[in-house]
Amino acid sequence: MPRHVAIVMDGNGRWAKKRFLPRFVGHKQGVDALVDTVRACADRGIEYLTVFAFSSENWKRPEEEVSGLMGLVLMAVSRYLAKLAREGVRIHIVGDREAVSEQVRAAWDQAESSTAHNTRITLSVAFNYGGRWDVVQACRRAMVDGVPPEQLTEERLGSYMALSDAPDLDLFIRTGGEVRISNFLLWQSAYSELHFTDCLWPDFGEAELDVALTSYAARERRFGGIQGAAPQTAAALPAG
Ligand code: IPE
Ligand code: IPE
Ligand code: MG
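Residues numbered from 1 in each chain as written. Chains lettered and ligands numbered in written order. Predicted model: local features only at pLDDT ≥ 70, side-chain atom pairs only at ≥ 80, totals over all residues. Heavy atoms only, no water.

A.B. asks: Give a description of unusual backbone geometry that names residues and reports values.
C.D. replies: At Asn183, a position not held by glycine, the phi torsion is positive, near 65°. Summarising the element assignment, Asn183 is placed in the loop between β5 (171-174) and β6 (193-196). Unusually for a residue other than glycine, Phe223 sits at a positive phi of about 55°. Along the chain, the position of Phe223 falls in the segment after α7 (206-217). (Helix = DSSP H or I, 4+ residues; strand = E, 2+ residues; numbered from the N terminus.)

Next comes the structure, spelled out in structure tokens:
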């Protein structure tokens, strides 16, 4: 079982279009799919779930859709926060909070503070997040801390990246049929297993999660090594 799963929740718009409904209905249905998926992950012992809810690039969408999505954050928090808190979910928001409204920021703060004590599963919601933004913010913060260049190792920079308190990402899922990363967890997905499904996000649930987990269980993760061979000790590896 993976410890850390990430999902690009894509396909809300197409789900709605297929039903001759406004795109917003797809997004709304997507929130319900998320709540069900969080529970399904927790039930299966997954400790960390990270979801892509709004990308740095999603600001390019029509203003009506962007404001609909912002409104949906407020609706989702007021409707589901208490329930998620009761179920032992710890909520964490990752992304650039500067650009979102005061109201949305307050909703995120409330979601984080009222679930901070929970330990069953950590749900990280990537909102106004981009993988490139993440690398840049990490570098900036390391520079502000005065980290000297020769001390900026992968580990040190990693400690400034989003999700640094979570274990490495094991399984990266994308719904909606597109086979691309779309600027999600670029740094964190270096060695995660990828699973793409045509299932549109509002249709995702336990059954689709289990398909992804079964596929994951059959993968042979080598991390650059050779299966069955004992890894060399660090001292035996070339320097650098
Ligand atoms: C994903 O669904 C949700 C967000 C990006 C906010 P889309 O809105 O991208 O749905 P499609 O890809 O148009 O179907
Ligand atoms: C990725 O989906 C972002 C989220 C799911 C939040 P997009 O629909 O924005 O990605 P592209 O435009 O198809 O690459
Ligand atoms: Mg999309």
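From this point, the narrative continues.
A.B. asks: Hey, could you go over the side chain of Asp10 for me, with residue numbers and the actual values?
C.D. replies: Residue position: Asp10 is located in the loop between β1 (4-8) and α1 (12-18). In this structure, Asp10 is in contact with Arg174, Thr175, Gly176, Glu178, Cys199, Leu200 and Trp201, ignoring residues within four places of it in sequence. (Contact = heavy atoms within 4.5 Å.)

A.B. asks: How would you explain the environment of Arg120 if you had to name every residue and give the values?
C.D. replies: Structurally, Arg120 can be placed in the loop between α4 (102-113) and β4 (121-129). Each C-alpha atom, one on Arg120 and one on Pro148, is 38 Å from the other, the two residues being 28 residues apart in sequence. Setting aside residues up to four positions removed in sequence, Arg120 forms contacts with Ala42, Asp43, Ile46, Glu87 and Gly88. Within polar-contact distance, the side chain of Arg120 engages the backbone oxygen of Glu87 at 3.4 Å. (Polar contact = N/O pair within 3.5 Å; in protein donor to acceptor, adjacent residues only side chain to side chain.)

A.B. asks: Lay out the site of ligand 2 in plain terms, naming residues and giving numbers.
C.D. replies: Around ligand 2, the neighbouring residues are Val8, Met9, Asp10, Phe52, Ala53, Phe54, Asn58, Arg61, Arg174, Arg180 and Ser182. In this structure, an oxygen atom belonging to ligand 2 sits 2.9 Å away from a side-chain N or O atom of Asn58. Interatomic distance of 2.8 Å between a side-chain N/O atom of Arg180 and an oxygen atom of ligand 2. When ligand 2 sits alone it has 390 Å² of accessible area, and the protein chains cover 78% of it. Examining the composition of the shell around ligand 2, we find that three residues originate from one element, strand β2 (residues 48-55), more than from any other. Counted by class, the shell around ligand 2 contains five nonpolar, two polar and four charged residues. (Near = heavy atom within 4 Å. Areas by Shrake-Rupley, 256 points an atom, 1.4 Å probe, with all protein chains shown as cover. Nonpolar A, V, L, I, M, F, W, Y, C, P; charged D, E, K, R; others polar.)

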